[in-house]
Amino acid sequence: QVQLVESGGGLVQVGGSLRLSCAASGSSSSIHKMGWHRQAPGKQRELVATMTSGGMTDYADSAKGRFSISRDNAKNTVHLQMNSLKPEDTTIYYCNAVRFVINTSRRLEYWGQGTQVTVSS
């Protein structure tokens, strides 16, 4: 199994920056994709940014140009650098990992416990 541990959340002023980190442990060698989702009150959980082991990225429109995802495959760690933060970025951010079981059609998905990001105006 895969366990995801997040860190780096906190309180920042409008226009400031935060760097989120997520470390994977357990059966993490086969992880194909890691990234971040967020869920604001009254809204569905949405993708923020993801990166595959090969370096392919995917960003939400609201994040593109402000956020940058990076990954250290050797350490099974993913980071999200968030710049130019806005009050609407305030919510809980969840680390996500996906792996495919070799020689099967199974797709396994894992979630972290979440880390709070608060942007004050």
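As shown above, the structure is provided for reference.
In short, a report on the structure. (Residues numbered from 1 in each chain as written. Predicted model: local features only at pLDDT ≥ 70, side-chain atom pairs only at ≥ 80, totals over all residues. Heavy atoms only, no water.)

### Some remarks on the pattern of salt bridges
Pairing is possible between side chains of opposite charge, provided their charged atoms come close.
Thinking step 1. Per the counting criterion, the structure on display carries 4 salt bridges.
Thinking step 2. Linking Arg38 and Asp89 is a salt bridge whose minimum nitrogen-to-oxygen distance equals 3.0 Å. Of this pair, Arg38 sits in strand E4 (residues 31–39) while Asp89 sits in the loop between strand E8 (77–82) and strand E9 (91–100), and the two are 51 residues apart along the sequence.
Thinking step 3. The class for Asp89 is buried, based on a relative accessible area of 1%.
Thinking step 4. With a shortest N-O distance of 2.8 Å, Arg66 and Asp89 are connected by a salt bridge. Taken together, the residues Arg66 in the loop between strand E6 (57–59) and strand E7 (67–72) and Asp89 in the loop between E8 and E9 connect sequence positions 23 residues apart.
Thinking step 5. Assessed through its relative accessible area of 13%, Arg66 is described here as buried. (Salt bridge = Lys/Arg side-chain N within 4 Å of Asp/Glu carboxyl O. Helix = DSSP H or I, 4+ residues; strand = E, 2+ residues; numbered from the N terminus. Buried < 20%, exposed > 50% of the residue type's maximum accessible area, 1.4 Å probe, protein only.)

### Regarding the state of the cysteines
Covalent bonding between the sulfur atoms of two cysteines is what defines a disulfide.
Thinking step 1. Throughout the structure, instances matching the rule amount to 1 disulfide.
Thinking step 2. Across the disulfide, Cys22 is cross-linked to Cys95 (sulfur-sulfur distance 2.0 Å). Given an S-S torsion of about -90°, the disulfide between Cys22 and Cys95 has left-handed geometry. Taken together, the residues Cys22 in strand E3 (residues 18–26) and Cys95 in strand E9 connect sequence positions 73 residues apart. A single burial state applies to Cys22 and to Cys95, both of which are buried. (Disulfide = S-S within 2.5 Å.)

### Regarding the environment of Val12
Thinking step 1. Here Val12 lies in strand E2 (residues 10–13).
Thinking step 2. Its relative accessible area of 12% is what places Val12 among the buried residues.
Thinking step 3. Linking Val12 and Gly42, residues 30 residues apart in sequence, is a C-alpha distance of 23 Å.
Thinking step 4. Setting aside residues up to four positions removed in sequence, Val12 forms contacts with Ser17, Leu18, Leu85, Thr118, Val119 and Ser120. (Contact = heavy atoms within 4.5 Å.)

### Section: unusual backbone geometry
With the exception of glycine, most residues fall at negative phi, and the peptide bonds are largely trans.
Thinking step 1. The phi dihedral of Ser84 is positive, around 50°, even though this residue is not glycine.
Thinking step 2. Position of Ser84 among the secondary structure elements: in the loop between E8 and E9.
Thinking step 3. Residues other than glycine seldom take positive phi values, yet Asn103 does so here, at roughly 65°.
Thinking step 4. The exposure class of Asn103 is exposed, given its relative accessible area of 79%.

### Remarks on the pairing of E7
For a regular strand, side chains alternate in direction, first toward one face of the sheet and then toward the other.
Thinking step 1. By the alternation rule, side chains of E7 split into Phe67, Ile69 and Arg71, which are all buried, and Ser68, Ser70 and Asp72, of which none is buried.
Thinking step 2. In terms of strand pairing, E7 meets E8 through 6 bridges, oriented antiparallel. When the sheet's bridge partners are listed, Arg71 is paired in E8 with Val78.
Thinking step 3. With antiparallel pairing between neighbouring strands as the criterion, E7 and E8 make up a hairpin whose turn holds 4 residues, including Asn76 at a positive phi of roughly 50°. (Pairing = 2+ DSSP bridges.)

Everything listed here is a matter of coordinates, which is why it stays silent on function.
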